[in-house]
Amino acid sequence: MARSRKRYGKPRSRHGRRRRPVMLKKLLLTSALALIPIGTLGAGGYLAHQHLSREQIDANYCYQRADQEQVATFIDFSLTHQTSRSQQRDLRNTLMQTFESLPTNGRVLIFTTANDSTASVTDPVFVLCNPAATPSEQASIGAPDTSAQVLARQQRDASERYAAFVDDLIRSSTQQSHLAASSPILEQIQGISRYDFGAPLSKFIIYTDGINNSATARFCAVQGELPRFEVFARRPNYRFVKPDDFDGAEVDILLVEQGELPSQHLPFCTNQELRDFYLDYAEGNGAGVARVTPLGYGAGQ
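Values in this document were obtained by computation on a predicted structure and should not be read as measured data. (Residues numbered from 1 in each chain as written. Predicted model: local features only at pLDDT ≥ 70, side-chain atom pairs only at ≥ 80, totals over all residues. Heavy atoms only, no water.)

Trainee: How should I be thinking about the overall build of the protein in this particular structure?
Mentor: Looking only at helices and strands, the protein has 7 helices and 6 strands in total. Taken from the N to the C terminus, the helices and strands of the protein come in the order α-β-α-β-β-α-α-α-β-α-β-α-β. Burial analysis of the protein (301 residues in total) assigns 40% to the buried set. Sequence separation of at least 24 residues holds for 79% of the intrachain contacts in the protein that already meet a minimum separation of 6. For the protein, the computed accessible surface area is about 17700 Å², with 53% contributed by carbon and sulfur atoms. (Helix = DSSP H or I, 4+ residues; strand = E, 2+ residues; numbered from the N terminus. Buried < 20%, exposed > 50% of the residue type's maximum accessible area, 1.4 Å probe, protein only. Contact = heavy atoms within 4.5 Å. Areas by Shrake-Rupley, 256 points an atom, 1.4 Å probe, with all protein chains shown as cover.)

Shown next, in the form of structure tokens:
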């Protein structure tokens, strides 16, 4: 009698062979979907890196360059409340022309002796660069390609910001609250000469009456304290106010004159002595070109 052979293996599923391809497809699809955000993040990260590594214009519309033109302007606030309208116009015109004449990316820095800005360590109260107005100007300083529309907007915004600052400066210069308590002209010029401009100073504009009034010297008010510059430079206390060398920079001194000297309150100098002193002072400290321009009071104008 023949025996039937028992099968001890596991029963074979009717659907076992078909399920594996379906599960494999699902696994591949899930993996592919998981890779999509990773790829997106990778591309986004690359673009973000490219943007961050691209040179950006700073908040003052500047690109830092070793050959960048630097123009410093110093305004003596000890006298501005007494200036005439014509002298205020001279100051405004000087400031506006300074910015308008800057080359592309040239930088202007404004320093004052206003009561809220005078310090032993001199810092500018305002800094701005003249940004490129066209793609060709942008290329001339090696800056990143930027559309003509963006450049035109930057130029307009910078010009408006500068004009608004100048208007505010002229307005505040006549306010008693901004009046400098003293007139440390030589000390302030020294401080500016030591400021880190990041590139050699190209031009230095000084708007002052020249009447230094500090512990160093009281020009015109005390006899003998305004000798010829060559004599003044040999005095022991001059070394404390001697500026760093102007290193060939152009120095323009706008000498505000409020009347003929000597006068009742300033009996020990003449207008010409002040002019000669500051011209020799600039030349004796390394100015490439030195000019003194007297600004008359222009009463009634």
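Trainee: Looking at this model, I keep getting lost on the side chain of Q154. Mind explaining?
Mentor: Secondary-structure assignment places Q154 in helix α4 (residues 148–172). Q154 has contacts with I57, Y61 and P131, leaving out every residue within four places of it along the chain.

Trainee: Please explain the sheet that holds strand β6 (residues 289–295) as it appears in this structure.
Mentor: The strands that make up a sheet are held in pairs by hydrogen bonds between backbone atoms, and each pair lies either parallel or antiparallel. The 6 strands are arranged β3-β2-β1-β4-β5-β6 in an open sheet whose pairing can be described as mixed. With partners counted over all chains shown, the strands left at the sheet margins are β3 (126–129) and β6, one partner each. Within the sheet, the average angular offset between the axes of one strand and its neighbour, ignoring direction, is 15 degrees. The pairing of strand β1 (residues 70–75) with strand β4 (residues 201–208) spans 6 bridges and is parallel. Residue pairing across strands places V71 opposite K203, the latter belonging to β4. In the packing of α4 onto the sheet, the strands contacted are β1, β2 (107–112) and β3, and the crossing angle to β3 comes to about 155 degrees. (Pairing = 2+ DSSP bridges. Axes fitted to C-alpha atoms, helices over the stretch in contact; angles between N-to-C directions.)

Trainee: Would you mind showing me how to read the packing of aromatic side chains here?
Mentor: The description of an aromatic ring pair rests on the distance of the ring centres and on the angle between the ring planes. Tallied over the full model, the rule gives 17 aromatic pairs. Ring geometry for F229 against Y238: centres 5.8 Å apart, planes inclined by 85 degrees, an arrangement best described as edge-to-face. Seen in terms of ring centroids, F277 and Y281 are 6.3 Å apart; in terms of plane orientation they differ by 10 degrees. Their pairing is stacked. On the criterion of helical spacing, the pair formed by F277 and Y281 is a turn pair, its members being 4 residues apart in helix α7 (residues 271–284). When sorted by exposure, F277 lands in the same class as Y281, which is buried. Through pairs of rings, three or more aromatic residues link up here, namely F219, F229, F232, Y238, F277, Y278 and Y281. (Phe/Tyr/Trp six-rings, centres within 6.5 Å; stacked < 30°, edge-to-face > 60°.)

Trainee: Help me understand the layout of surface pockets, please; the structure alone is not making it clear to me.
Mentor: Any empty space left between the atoms is revealed when a probe the size of a water molecule rolls over them. When its volume is computed, the second largest pocket comes out at roughly 170 Å³. L226, P227, R228, F229, E230, E273, D276, F277 and D280 together form the lining of the second largest pocket. Ranked by the residues each element gives to the lining of the second largest pocket, the list is headed by α7, at 4 residues. (1 Å grid on protein atoms, 1.4 Å probe; cavity = no way out; pocket = protein on both sides within 12 Å on 5 of 7 lines; lining within 4 Å. Points joined across faces, edges and corners; volume = space filled by probe spheres on them.)

Trainee: Help me understand the pattern of salt bridges, please; the structure alone is not making it clear to me.
Mentor: Where charged atoms from two side chains of opposite charge approach closely, those side chains can pair. If you walk through the whole model with that rule in mind, you get 10 salt bridges. For the salt bridge of D168 with R171, the shortest nitrogen-to-oxygen distance reads 3.2 Å. Separated by 3 residues within a single helix, D168 and R171 lie in helix α4, roughly one turn from each other. The class of D168 is partly exposed, set by a relative accessible area of 40%. (Salt bridge = Lys/Arg side-chain N within 4 Å of Asp/Glu carboxyl O.)

Trainee: Could you clarify how one ought to interpret the pairing of strand β5 (residues 250–256) in this entry?
Mentor: Looking along a regular strand, one sees the side chains alternate between the two faces of the sheet. In terms of burial, β5 is largely enclosed, as 6 of its 7 residues are buried. The pairing of β4 with β5 spans 6 bridges and is classified as parallel. Following the sheet pairing, I205 is matched in β5 by D252. Here β5 runs beside β6; their pairing, made up of 7 bridges, is parallel. Each residue of the ladder has a partner; that of I253, found in β6, is V292. Note that the unit made of β5, α7 and β6 has a crossover that is right-handed. (Right-handed = clockwise from strand over helix to strand, strands pointing away.)

Trainee: I tried to follow the state of the cysteines on my own but got confused; where do I start?
Mentor: Every disulfide links exactly two cysteines, by a covalent bond between their sulfur atoms. Enumeration over the complete set of coordinates arrives at 2 disulfides. In this model, C220 is linked to C269 through a disulfide, with the two sulfur atoms separated by 1.9 Å. Note on the C220 and C269 pair: the S-S dihedral is about 95 degrees, so by sign convention the disulfide is right-handed. In this pair, C220 sits in the loop between β4 and α6 (229–232) while C269 sits in the loop between β5 and α7, placing the two residues 49 residues apart along the sequence. What connects to what in the protein, once the bonded cysteines are numbered by sequence position, is 1-2, 3-4. (Disulfide = S-S within 2.5 Å.)

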